[in-house]
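Listed here are the chains, written in short residue letters.
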Amino acid sequence: MPSKPRNRIGEIYGRLTVIRPSDKRTKSGNAYWWCRCSCGNEREVPSDKLSHNTARRKPTVQACEDCSREMQVEAVYRKNDRDEMERREEAIANRADLKGDVPDRWLKLPLTDAHARELGQTLFFRGNHCLRGHLAPYRINGGCLACAGQSPSAKDLPSTKPKGS
Ligand SMILES: [Zn+2]
Ligand SMILES: [Zn+2]
């Protein structure tokens, strides 16, 4: 008979609150506990997975299965979103400085590769110079249009035509 497990009822691990013991035991004799997630789902968790020590290698359980899956997906999105938001803010700032120096239609292009994809377009203009020093729109997956010989760089353009022409 394994030793009586420490009473964990009421303890909180991430979104989980321990609510009652389970009769289930791991192969090594660890107790399982029923936990309620903040979303209302319950999950049976072995006590060795209920830990506040996040430095240890062993994965801990912090939420019900549904929420755990969601949290993993969100973590990836959050990082990508943050990077993308920074790219867009940078593009907005770059483009504000370029007003009048580049064709107006470039300033109406999507801001980034991802932004162009969202809008179903193929060109975007971040207002930055390519590795060869061109200031020109980019094609998604294709790089700088001036490098591709498909568009002049801003410095080769005649000065902007008056509006309405
Ligand atoms: Zn949950
Ligand atoms: Zn280029």
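Our structure's up above, just so we're on the same page.
Let us look at the structure shown here. (Residues numbered from 1 in each chain as written. Chains lettered and ligands numbered in written order. Predicted model: local features only at pLDDT ≥ 70, side-chain atom pairs only at ≥ 80, totals over all residues. Heavy atoms only, no water.)

1. Details of the coordination of the zinc ion (ligand 2)
A four-donor tetrahedral metal ideally has 109.5 degree angles, and a six-donor octahedral metal ideally has angles of 90 or 180 degrees. Ligation of the zinc ion (ligand 2) by protein atoms is provided by C130 (SG), H134 (ND1), C144 (SG) and C147 (SG), these donors lying 2.0 to 2.4 Å from the ion. Classification of the site at the zinc ion (ligand 2) as tetrahedral follows from its four donor atoms and the range of 106 to 115 degrees in their angles at the metal. Here the donor residues of the zinc ion (ligand 2) share one chain and are spaced in sequence as C-x3-H-x9-C-x2-C. On the criterion of sequence distance, the pair formed by H134 in the loop between β5 (123–124) and β6 (138–139) and C147 in the segment after β7 (143–144) is long-range, its members being 13 residues apart. (Donors = N, O, S within 2.8 Å, 3.2 Å for Na, K, Ca; no water. Tetrahedral: all angles 85-135°; square planar, octahedral: opposite > 155°, others 65-115°. Helix = DSSP H or I, 4+ residues; strand = E, 2+ residues; numbered from the N terminus.)

2. Considering the pairing of strand β4 (residues 42–46)
Bridge analysis of strand β3 (residues 31–37) against β4 gives five bridges, and the strand direction is antiparallel. Each bridged residue has a counterpart across the sheet, and for W33 the counterpart in β4 is V45. The turn linking β3 back onto β4 is made up of four residues, and G40 within it adopts a positive phi angle of 105 degrees. (Pairing = 2+ DSSP bridges.)

3. Describing the pairing of strand β2 (residues 16–25)
Of the pairings in the sheet, the one linking strand β1 (residues 12–13) to β2 comprises two bridges and is antiparallel in character. In the strand pairing of β2, Y13 is matched with L16. Hairpin connection between β1 and β2: a loop of two residues separates the two successive antiparallel strands, and G14 in this loop has a positive phi of roughly 60 degrees. Judged from the six bridges that link them, β2 and β3 form a sheet pairing that is antiparallel. Its bridge partner being in β3, L16 is matched across the sheet by C37. Where β2 folds back onto β3 in an antiparallel hairpin, the turn is made up of five residues, including G29, whose phi is positive at roughly 90 degrees.

4. A closer look at the pattern of salt bridges
With the rule as written, the count across this model stands at twelve salt bridges. For R88, the salt bridge identified is with E84, shortest N-O distance 2.6 Å. Of the two residues, R88 and E84 are both situated in helix α1 (residues 65–98); the distance of four residues between them amounts to about one turn of the helix. E84 shares its class with R88; the two are buried. Taking the shortest distance from any N to any O, the salt bridge between R117 and D113 comes out at 2.5 Å. Linking R117 with D113, this pair stays in helix α3 (residues 113–119), spanning four residues, or about one helical turn. Looking at R117, the relative accessible area reads 43%, which means it is partly exposed. The network of salt bridges with common partners includes E84, R87, R88 and E118. (Salt bridge = Lys/Arg side-chain N within 4 Å of Asp/Glu carboxyl O. Buried < 20%, exposed > 50% of the residue type's maximum accessible area, 1.4 Å probe, protein only.)

5. Digging into the coordination of the zinc ion (ligand 1)
Protein-derived coordination of the zinc ion (ligand 1) comes from C37 (SG), C39 (SG), C64 (SG) and C67 (SG), at a distance range of 2.3 Å. Between the four donor atoms coordinating the zinc ion (ligand 1), the angles at the centre fall across 106 to 116 degrees, so the site counts as tetrahedral.

Scope: geometric values only; no functional claims are made or implied.
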